[in-house]
Amino acid sequence: MSRLPLVELIGLLSSFALVSSAPSVQLLQENTSDVQAAAAAADDYSRDSNVGRDRGKRHVGLSWPRGYYGLPMPTTGCPESCGFVWKTGYRYHDTEDTANANSFSSPLHLEGQFTSDIKLHFCMKTVSSQSSSAALTDWPRGAYCIFKHSVCPVGFSSGSIHWDDEDTNNANSHGGHLPTGSYSRNTRVYFCCRNDNPTWTAISLPTVKPFYLLAETSSCQQVTGMSVRREYVLWDDQDVGNHNDKNGDHPYSDGSDSNHKLYFCYYY
């Protein structure tokens, strides 16, 4: 909708004020201030509507889908929840000591430690359904992975990745609630993955806070109302006698057989 330029509008109001009484002049001045404030608000709205994310499509009323699963924890903490509470945990990988070659995206929004060793934090959903006030939905079709907890939600297939961590003076540790797996001197983590729709077909998930999914292909799944950034972590695993492996449906990895490299899709 077009609007009269502010300068012309003020000019008309001023001309009218010349033939008005003093009380009318005061009233017109007040109205002019209101018009200026309204014009400024309209300009602010116009700028907001041009940002990359379509704020009108952000799904603030959605709850996380039903099922048991986990997500990587961002630096902002676990996503919002409705009808359940995220449980948290961590895995500390003692990676290769000799000429360590761990590498990471910059910036990286994962919570944890990313230096010559790697500590990754998790947000785990340990109840399948939510309270009666939360809508129960299944995960939408797409191409992405989440961490497995007990059993994969409907539509996903299971797989795992095994990290052969440092052998000498191994200092692996873990705590809290973790994805299904094995956490000793080496690490095996199970995933739930799906690839039943193109990544460019956006899916609907809660968008109040940032969150992560894991990439199932070389590109990230699009989510309605969110910007996405593909980030990565490369583990420099045990050099001598390395026993890394990948089984079943697992996140996309283009690292070498002896050094896993996973891609984390950050939604914000």
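Residues numbered from 1 in each chain as written. Predicted model: local features only at pLDDT ≥ 70, side-chain atom pairs only at ≥ 80, totals over all residues. Heavy atoms only, no water.

Examining the overall build of the chain
So, step 1. A tally of regular secondary structure across the chain gives two helices and 14 strands.
So, step 2. Look at the contacts in the chain between residues 6 or more apart in sequence, and 75% of them connect residues 24 or more apart.
So, step 3. For the chain, the accessible area works out to roughly 13100 Å², and carbon and sulfur atoms hold 52% of it. (Helix = DSSP H or I, 4+ residues; strand = E, 2+ residues; numbered from the N terminus. Contact = heavy atoms within 4.5 Å. Areas by Shrake-Rupley, 256 points an atom, 1.4 Å probe, with all protein chains shown as cover.)

Some thoughts on the state of the cysteines
So, step 1. Tallied over the entire structure, the rule returns four disulfides.
So, step 2. Counting only the cysteines that form disulfides, in the order they appear in the chain, gives the pairing 1-2, 3-6, 4-5, 7-8. (Disulfide = S-S within 2.5 Å.)

What to know about the pattern of salt bridges
So, step 1. What the rule picks out here adds up to four salt bridges.
So, step 2. Between Arg-194 and Asp-196 there is a salt bridge, with its nearest N and O atoms 2.7 Å apart.
So, step 3. The exposure class of Asp-196 is partly exposed, given its relative accessible area of 28%. (Salt bridge = Lys/Arg side-chain N within 4 Å of Asp/Glu carboxyl O. Buried < 20%, exposed > 50% of the residue type's maximum accessible area, 1.4 Å probe, protein only.)

A short note on the nonpolar core
Across soluble globular proteins, nonpolar side chains have a tendency to be buried as a group.
So, step 1. One finds Trp-64, Trp-139 and Leu-213 to be the most contacted residues of the largest nonpolar core, which totals 25 residues.
So, step 2. Sequence-distant contacts of Leu-213, defined by excluding residues within four places in its chain, comprise Leu-71, Trp-139, Tyr-144, Cys-145, Ile-146, Leu-205, Phe-264, Cys-265 and Tyr-267.
So, step 3. Ranked by size, the runner-up nonpolar core spans 22 residues in total, among them Leu-110, Trp-163, Phe-191 and Tyr-266. (Core = buried A, V, L, I, M, F, W, Y, C linked by side-chain atoms within 4.5 Å.)

Here we look at the packing of aromatic side chains
So, step 1. With the rule as written, the count across this model stands at 19 aromatic pairs.
So, step 2. When the ring of Tyr-69 is compared with that of Trp-139, the centres are 5.0 Å apart and the planes differ by 75°; the resulting orientation is edge-to-face. Taken together, the residues span a long stretch of sequence, with Tyr-69 in strand S1 (residues 69-72) and Trp-139 in the loop between strand S5 (118-125) and strand S6 (143-148) at a distance of 70 residues. Trp-139 matches Tyr-69 in its accessibility class, with the two residues each being buried.
So, step 3. Members of the aromatic cluster, connected to one another through ring pairs, are Trp-64, Tyr-69, Phe-84, Trp-86, Trp-139, Tyr-144, Phe-156, Phe-211 and Tyr-267.
So, step 4. Taking the ring centre of Phe-84 as reference, the NZ or CZ of Lys-125 above it sits at 5.1 Å.
So, step 5. The ring of Tyr-232 carries the charged tip of Lys-261 above its face, separated from the ring centre by 4.4 Å. (Phe/Tyr/Trp six-rings, centres within 6.5 Å; stacked < 30°, edge-to-face > 60°. Lys NZ or Arg CZ within 6 Å of the ring centre and 35° of its normal.)

Some points on the environment of Gly-142
So, step 1. Along the polypeptide, Gly-142 turns up in the loop between S5 and S6.
So, step 2. Since its relative accessible area comes to 0%, Gly-142 is described here as buried.
So, step 3. The spacing of Gly-142 and Asp-196 is 54 residues in sequence and 5.4 Å in space, taken between C-alpha atoms.
So, step 4. The residues touching Gly-142, leaving out its near neighbours within four places in the chain, are Arg-194, Asn-195, Asp-196, Asn-197 and Gln-221.

Topic: the environment of Leu-178
So, step 1. If you trace the backbone, Leu-178 turns up in the loop between strand S8 (173-176) and strand S9 (181-183).
So, step 2. Given the relative accessible area of 13%, Leu-178 is considered buried.
So, step 3. Between the C-alpha atoms of Leu-178 and Phe-122, which are 56 residues apart in sequence, the distance is 6.8 Å.
So, step 4. Dropping the residues within four chain positions of it, Leu-178 is found in contact with Gly-89, Tyr-90, Arg-91, Phe-122, Met-124, His-149 and Tyr-183.

Regarding the pairing of strand S14 (residues 261-267)
So, step 1. Along S14, seven of the seven residues are buried, which leaves the element largely enclosed by surrounding structure.
So, step 2. Both faces of S14 are covered, namely the face carrying Lys-261, Tyr-263, Cys-265 and Tyr-267 and the face carrying Leu-262, Phe-264 and Tyr-266.
So, step 3. Pairing geometry for strand S11 (residues 211-215) and S14, over four bridges, is antiparallel. Considered in S14, the bridge of Leu-214 is made with Phe-264.
So, step 4. Where strand S12 (residues 228-234) lies against S14, seven bridges are found, and the strand directions are antiparallel. Following the sheet pairing, Val-233 is matched in S14 by Leu-262. (Pairing = 2+ DSSP bridges.)

Description of the side chain of Ser-105
So, step 1. Along the chain, Ser-105 falls in the loop between strand S3 (103-104) and strand S4 (112-114).
So, step 2. Not counting residues up to four positions away in its chain, the partners in contact with Ser-105 are Arg-230, Glu-231 and Tyr-232.

Focus on unusual backbone geometry
Leaving glycine out, the prevailing phi sign among residues is negative, and the prevailing peptide bond configuration is trans.
So, step 1. Put simply, Ser-106 and Pro-107 share a cis peptide bond, and its omega is 0°.
So, step 2. Locating Pro-107 in the fold gives a position in the loop between S3 and S4.
So, step 3. At Ser-150, a position not held by glycine, the phi torsion is positive, near 75°.
So, step 4. By the element assignment, Ser-150 lies in the loop between S6 and strand S7 (157-163).
So, step 5. Judged by its relative accessible area of 53%, Ser-150 falls in the exposed class.
So, step 6. Positive phi values are uncommon outside glycine, yet Asn-169 reaches one of about 50°.

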